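Here is what each chain is made of, one letter per residue.
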Amino acid sequence: MTRRVILAGGGHAHLAVLADWAARPLADTERWLVTSSRHTAYSGMLPGWLAGHYQASDLLIDLAPLAEQAGAKLVIADVAGLDPARQMLNLSSGEEVRFDLLSLATGGETDIARLAALGDRLLPVRPVGTFMERWSNFLGRQTPGSTIGIAIAGGGAAGVELALGAEAVVRRLFGTASISLVTPEAGFLSGHARQVRKLALAELARRNIAVHFAHAEGVDGGLRLSNGNFLPADCVIAATGSRPPRWLARSGLACNAAGFVSVGADLQSISHGAIFAAGDIIDRVDRRLERSGVHAVKAGPVLAANLRAALNGAVLRQYQPRRRTLYLLATGERRAIVSWGGLVAAGHWAWVIKDWIDRGFVKRYRWPQGHGGSRPKGEQGQ
Ligand SMILES: Cc1cc2nc3c(=O)[nH]c(=O)nc-3n(C[C@H](O)[C@H](O)[C@H](O)COP(=O)(O)OP(=O)(O)OC[C@H]3O[C@@H](n4cnc5c(N)ncnc54)[C@H](O)[C@@H]3O)c2cc1C
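Residues numbered from 1 in each chain as written. Predicted model: local features only at pLDDT ≥ 70, side-chain atom pairs only at ≥ 80, totals over all residues. Heavy atoms only, no water.

Q: What is the right way to look at the overall build of the chain in this model?
A: Looking only at helices and strands, one finds 10 helices and 25 strands in the chain. Computed over its C-alpha atoms, the radius of gyration of the chain comes to 21 Å, within 12% of the 21 Å expected for a compact globule of 382 residues. Seen through its principal axes, the chain has C-alpha atoms that stretch 65 × 45 × 45 Å. By the burial criterion, 53% of the 382 residues in the chain qualify as buried. In the chain, the proportion of contacts linking residues at least 24 apart, taken out of those at least 6 apart, comes to 66%. Carbon and sulfur atoms make up 49% of the accessible area of the chain, which totals about 16800 Å². Computed over 43 positive and 31 negative side-chain charges, the separation of the two mean positions in the chain equals 5 Å. (Helix = DSSP H or I, 4+ residues; strand = E, 2+ residues; numbered from the N terminus. Rg over C-alpha atoms; globule rule 2.2 N^0.38 Å. Buried < 20%, exposed > 50% of the residue type's maximum accessible area, 1.4 Å probe, protein only. Contact = heavy atoms within 4.5 Å. Areas by Shrake-Rupley, 256 points an atom, 1.4 Å probe, with all protein chains shown as cover. Lys, Arg positive; Asp, Glu negative; His and termini not counted. Charge placed at Lys NZ, Arg CZ, Asp CG, Glu CD.)

Q: What is the right way to look at the side chain of H53 in this model?
A: Among the secondary structure elements, H53 is positioned in the loop between α2 (46–50) and α3 (56–59). With relative accessibility at 15%, the residue H53 sits in the buried group. At 3.3 Å, the side chain of H53 forms a polar contact with the backbone oxygen of G332. Not counting residues up to four positions away in its chain, the partners in contact with H53 are G48, G332, E333, R334, W351 and R359. (Polar contact = N/O pair within 3.5 Å; in protein donor to acceptor, adjacent residues only side chain to side chain.)

Q: Help me out: how do you make sense of the site of the ligand in this one?
A: If you check the shell around the ligand, you find 30 residues, and the closest are H12, S43, V79, R126 and D280. Measuring from an oxygen atom of the ligand, one finds a backbone N or O atom of G11 at 3.4 Å. Its free accessible area being 990 Å², the ligand has 87% of it covered by the protein chains. Going through the elements one at a time, α1 (12–23), β2 (29–35), α6 (157–174) and α9 (293–312) are the ones with two or more residues in the shell around the ligand. The greatest single-element share of the shell around the ligand, amounting to three residues, is contributed by α9. Taken together, domain 1 (3–36 + 77–108 + 244–312) and domain 2 (110–241) each give at least three residues to the shell around the ligand, which thus spans both. (Near = heavy atom within 4 Å. Domains from an automatic or database assignment.)

Q: In this structure, what is going on with the packing of aromatic side chains? I would like to understand it.
A: Aromatic rings considered in pairs are described by the distance between their centres and by the relative angle of their planes. The tally for this structure, following the rule as stated, stands at five aromatic pairs. Across the ring face of W32, the terminal group of K73 is positioned such that the distance to the ring centre comes to 4.0 Å. Cation over ring: R291 sits above F260, and NZ or CZ is 3.5 Å from the ring centre. (Phe/Tyr/Trp six-rings, centres within 6.5 Å; stacked < 30°, edge-to-face > 60°. Lys NZ or Arg CZ within 6 Å of the ring centre and 35° of its normal.)

Q: Would you mind going over the packing of α1 against α9 with me for this structure?
A: Between two packed helices, the angle of one axis relative to the other and the distance separating the axes together describe the packing. It is at 7 Å that the axes of α1 and α9 come closest, and there the two elements cross at 40 degrees. By the criterion of interaxial angle, the relationship of α1 to α9 is oblique. By crossing handedness, the relation of α1 to α9 is classed as right-handed. Here H12, A13, H14, A16, V17, D20 and W21 of α1 come into contact with α9, specifically with G293, A296, V297, G300, P301, L303, A304, L307 and R308. A per-class count over the contact of α1 with α9 returns 10 nonpolar, four polar and two charged. (Axes fitted to C-alpha atoms, helices over the stretch in contact; angles between N-to-C directions. Parallel < 35°, antiparallel > 145°, perpendicular 65-115°, else oblique. Left-handed = near helix turned anticlockwise from the far one by under 90°. Nonpolar A, V, L, I, M, F, W, Y, C, P; charged D, E, K, R; others polar.)

Q: Just to check I follow, could you spell out the pattern of salt bridges for this structure?
A: Pairing between side chains becomes possible if they bear opposite charge and their charged atoms approach one another. All told, the structure shown has 19 salt bridges when counted by the stated rule. Here R86 makes a salt bridge to E96, at a shortest N to O gap of 3.2 Å. Placement of the pair is R86 in the loop between β6 (79–83) and β7 (88–91) and E96 in strand β8 (residues 96–98), with a sequence separation of 10 residues. On the basis of relative accessible area, R86 is assigned to the partly exposed category, the value being 48%. We note a salt bridge from R171 to E167, for which the minimum N-O separation is 2.6 Å. One end of the pair is R171 and the other is E167, both in helix α6 and four residues apart, which spans about a single turn. Under the relative-accessibility criterion, R171 is labelled partly exposed at 37%. Through salt bridges that share partners, E167, R171, E203, R206, R207 and E333 make up one connected network. (Salt bridge = Lys/Arg side-chain N within 4 Å of Asp/Glu carboxyl O.)

Q: I'm lost on the domain arrangement of the chain in this one. Help?
A: Frequently, the measure chosen for interface size is the accessible area that the parts lose on association. Along its sequence, the chain is carved into domain 1 (3–36 + 77–108 + 244–312) and domain 2 (110–241). Between the C-alpha centres of domain 1 and domain 2 there is a distance of 32 Å.

Q: When you look at unusual backbone geometry in this model, what are you seeing that I'm missing?
A: What is expected of a backbone is that most residues other than glycine have negative phi and most peptide bonds are trans. Of note, the amide linkage connecting R126 to P127 takes the cis form, showing an omega dihedral of -5 degrees. Among the structural elements, P127 can be located in the loop between β11 (122–124) and α5 (128–141). Although it is not a glycine, D28 adopts a positive phi angle of roughly 55 degrees. Following the sequence through the fold, D28 ends up in the loop between α1 and β2. Even without being glycine, L189 reaches a positive phi, approximately 45 degrees. For L189, a relative accessible area of 0% gives the class buried.

Below is the structure:
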């Protein structure tokens, strides 16, 4: 009997599953990849793209050849609803699709609840493709010699890297810019060693990026800070962390209080055995796990093995992250900060390693391997 296996989301966590299917066909299955867009962006290279070191095609992976090689039907649509008891998925096209096995990795959405009043000035970092298009349009509208006010809301690794990347390109293109990073102090590179925070603060200061330790609220023309100050901004990049997709809350699938899918170490839903999940959409019930690309990517092969095991009634594997995770934070001038537990370093050499790792990752998922893939529509380098 043919069973239908659906992957929802074509991002970091599912790339390894597609590669697994391409390498070893999954017998007696009909495979689908349902995802918002044909190209998926490797987020680790986004700050480098912003800084002008990469073309869009360097970080975008074309899912069509990968899905074809995996024998999966590519459906470009958003998941809009889920009925886990009936094993049905609702798509934005209006279609209702039955599944025998479902894997959810649609990532998180940028939390813009406090920033929405900014209207067109607000650039949420997700979806990444939309962000890239809107940022290019924003730069295109600026005139040389003008002083541009840019604020980045969110002091996680993404916010810090984007602030430094934006500074590098805006200074090069327009000469002057007023760039600010707004974050609650507790959220500034939380989870990284004190020395990493110190290095990042020194780099932000050296590049004249003002850091405001405050909560930000979007108002007409800029940000109102919790310390009472007003920060004018032509553009606010929201890197404010992930919130779960809204359709999950209505689904009846077991989720944590914040609304992320509750899974065990085997990435299986704790309430519905036919559903697996990985990446930013999950909450591990057995341990705390950062939402990061590193874990989404490293969980991928375990997810691939467990989808096979679930079909065959075999024992599931567990994704157990290493004790320390390596992060390389791009600082916008072909330099990077290394953060690996308590080990901290910085320099051009760290950028060279990051560039090599990142390009290698994207190349691995270009199909046929090493092929450049199709050029995404509307690609714009800087
Ligand atoms: C600027 C930036 C820089 C980052 N840098 C790093 C880094 O250096 N290191 C690191 O470890 N982490 C980094 N991260 C975090 C990392 O990007 C995420 O943790 C990772 O992408 C999560 O992988 P995922 O597979 O869960 O989701 P994603 O990779 O976001 O993939 C989600 C996929 O689902 C699709 N999708 C979304 N909604 C739907 C829907 N409703 N229906 C169908 N498809 C949908 C999307 O189009 C996409 O293909 C960064 C994040 C940002 C924003």
